[in-house]
Amino acid sequence: MTRYYPVMLRIEGKRCVVFGGGAVAERKAAGLLEAGAAVTVVSPTLTPLLETWAADGKIAADRRLGAADDLDGAALAFAATDRPEANRRLAEEARLRGVPVSVADDGEAGDFVAPAVVRRGDLVFAVSASGAGPALAARLAGELAERYGPEYGPLAAALRRVRAEVRAAVPDAADRRRLLRTAVGDAALAEWRRLGPDAAGAVLLARLRALAEEEEGRRGRGEPPDPPGFAHFS
Ligand SMILES: C[C@@]1(CC(=O)O)c2cc3[nH]c(cc4nc(cc5[nH]c(cc(n2)[C@H]1CCC(=O)O)[C@@](C)(CC(=O)O)[C@@H]5CCC(=O)O)C(CC(=O)O)=C4CCC(=O)O)c(CCC(=O)O)c3CC(=O)O
Ligand SMILES: NC(=O)C1=CN([C@@H]2O[C@H](COP(=O)(O)OP(=O)(O)OC[C@H]3O[C@@H](n4cnc5c(N)ncnc54)[C@H](O)[C@@H]3O)[C@@H](O)[C@H]2O)C=CC1
């Protein structure tokens, strides 16, 4: 069993090669496009959606069997054909070239596995069962998608601005940290939603300071902090 190390990769504009043109390859290509990768699919056949993306120029498609030199210059590779021998061979070629590869029919044969992903703007949930159960990862990601709806996208954008404001205006590190914890409490998140993405930085900062003072008051009275998850920090 492998203990994987999770990361967020920057792959915008980078060549990512998907071998295979079935449902699994399509899912991998979709995830790569979300991150702005330059996707090349190599496969004799393509799903209708992959065909559409190729026709629209969203992906490059080479309609043939995968070959070793497809991997030249690749940042990532996905062996997602329905031929285990082909997947294994392409994975070996990737490794020879130092290209990280995932293997769709045998997770342990690759360098990484794909998590189930939910995106809400800057906020990204990635769930993995490390190969033990992709359907469980998908189910739990579905639960996260319900718990954290589309409203969390703009909310994260507002939070990014609040944080920039605090970093620019508050020189004391402890003060900054206290404010930025308050900035992710329930009351603050509701406030960022209410104020929307266009509120002036000074307004955001003033609201945050007011919330932090209320928080101090609650702490003084021995009431629980907001958010509850931060109790162990105080
Ligand atoms: C190791 C890994 C390698 C990799 O592909 O990176 C891998 C491998 C395999 N998947 C198989 C089957 C299924 N995979 C899914 C779905 C997903 N599979 C994904 C990832 C991974 N799959 C990596 C580990 C993830 C982990 O464990 O956390 C997800 C999360 C992300 C994604 O693919 O983008 C995506 C959900 C996306 C979403 O919906 O959100 C379903 C569910 C369904 O189709 O409804 C089934 C059928 C149910 C079942 O078999 O459990 C088989 C057997 C094939 C066979 O029997 O022939 C293998 C081979 C093996 O076991 O090694
Ligand atoms: N990792 C995952 O999430 C999952 C993995 N799987 C595994 O992934 C494999 C692929 O699944 P699907 O996409 O549903 O299969 P599929 O049969 O729909 O598609 C296979 C694709 O591979 C292409 N292909 C075959 N040989 C090739 C080669 N040498 N080079 C390039 N392309 C080649 C075919 O033309 C076809 O487009 C399955 O056989 C299964 O073992 C299945 C379900 C989920």
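- Under an unreviewed UniProt entry, the name given to the protein chain is precorrin-2 dehydrogenase, and the source organism is Cohnella nanjingensis.
- Per its UniProt entry, the protein chain bears the Pathway (unreviewed entry) comment "Porphyrin-containing compound metabolism; siroheme biosynthesis; sirohydrochlorin from precorrin-2: step 1/1."
- Under the Catalytic activity (unreviewed entry) heading, UniProt states for the protein chain: "precorrin-2 + NAD(+) = sirohydrochlorin + NADH + 2 H(+)".

## Things to note about the overall build of the protein chain
- The secondary structure content of the protein chain amounts to 8 helices and 7 strands.
- Its C-alpha radius of gyration of 23 Å places the protein chain more than 25% over the 17 Å reference for a compact globule of 234 residues.
- Taken over the C-alpha atoms alone, the protein chain extends approximately 65 × 40 × 30 Å along its principal axes.
- As displayed, the protein chain has an accessible area near 13600 Å², and 54% of this comes from carbon and sulfur atoms.
- If the 33 positive side-chain charges of the protein chain are averaged to one point and the 33 negative ones to another, these points end up 4 Å apart.

## Observations regarding the packing of aromatic side chains
- This structure, assessed with the given rule, holds 3 aromatic pairs.
- Seen from their ring centres, Phe78 and Phe112 are 5.4 Å apart, and the 85 degrees between their planes marks the pair as edge-to-face. Within this pair, whereas Phe78 is found in strand E4 (residues 76-79), its partner Phe112 is found in the loop between strand E5 (101-103) and strand E6 (116-120), the two being separated by 34 residues in sequence. When sorted by exposure, Phe78 lands in the same class as Phe112, which is buried.
- Following the ring pairs from residue to residue traces out a cluster consisting of Phe125, Tyr148 and Tyr152.

## Regarding the site of ligand 2
- The environment of ligand 2 is made up of 20 residues, and the closest members are Gly21, Val24, Arg27, Thr45 and Gly66.
- With respect to ligand 2, the backbone of Ala23 contributes an N or O atom lying 3.1 Å from an oxygen atom.
- One of the backbone N or O atoms of Val24 is found 2.9 Å from an oxygen atom in ligand 2.
- The protein chains hide 69% of the 860 Å² of surface that ligand 2 would expose on its own.
- The element that contributes the greatest number of residues to the shell around ligand 2 is helix H1 (residues 23-34), accounting for 4 residues.
- A breakdown of the residues in the shell around ligand 2 according to their chemical character gives 8 nonpolar, 7 polar and 5 charged.

## Here we look at the packing of helix H5 (residues 152-169) against helix H8 (residues 201-220)
- Running from N to C, H5 and H8 cross one another at 80 degrees; their axes reach a closest spacing of 9 Å. Viewed along their axes, H5 and H8 adopt a mutual orientation that is roughly perpendicular. The segment H5 lies against H8, with Arg161, Val162, Glu165, Val166 and Ala169 engaging Gly201, Ala202, Leu204, Leu205, Leu208 and Arg209.
- Split by residue class, the contact of H5 with H8 holds 7 nonpolar, 1 polar and 3 charged.

## Topic: the layout of surface pockets
- Volume-wise, the largest pocket comes out at about 1700 Å³.
- In this structure, the largest pocket is lined by 42 residues; those nearest its centre are Val113, Ala114, Pro115, Ala116 and Val117.
- No other element matches the 7 residues that H1 contributes to the lining of the largest pocket.
- Looking at the lining of the largest pocket residue by residue, the classes come out as 29 nonpolar, 6 polar and 7 charged.

Rules used throughout
- Residues numbered from 1 in each chain as written.
- Chains lettered and ligands numbered in written order.
- Predicted model: local features only at pLDDT ≥ 70, side-chain atom pairs only at ≥ 80, totals over all residues.
- Heavy atoms only, no water.
- UniProt positions renumbered as here; feature names shortened; annotations may be inferred.
- Helix = DSSP H or I, 4+ residues; strand = E, 2+ residues; numbered from the N terminus.
- Rg over C-alpha atoms; globule rule 2.2 N^0.38 Å.
- Areas by Shrake-Rupley, 256 points an atom, 1.4 Å probe, with all protein chains shown as cover.
- Lys, Arg positive; Asp, Glu negative; His and termini not counted.
- Charge placed at Lys NZ, Arg CZ, Asp CG, Glu CD.
- Phe/Tyr/Trp six-rings, centres within 6.5 Å; stacked < 30°, edge-to-face > 60°.
- Buried < 20%, exposed > 50% of the residue type's maximum accessible area, 1.4 Å probe, protein only.
- Near = heavy atom within 4 Å.
- Polar contact = N/O pair within 3.5 Å; in protein donor to acceptor, adjacent residues only side chain to side chain.
- Nonpolar A, V, L, I, M, F, W, Y, C, P; charged D, E, K, R; others polar.
- Axes fitted to C-alpha atoms, helices over the stretch in contact; angles between N-to-C directions.
- Parallel < 35°, antiparallel > 145°, perpendicular 65-115°, else oblique.
- Contact = heavy atoms within 4.5 Å.
- 1 Å grid on protein atoms, 1.4 Å probe; cavity = no way out; pocket = protein on both sides within 12 Å on 5 of 7 lines; lining within 4 Å.
- Points joined across faces, edges and corners; volume = space filled by probe spheres on them.

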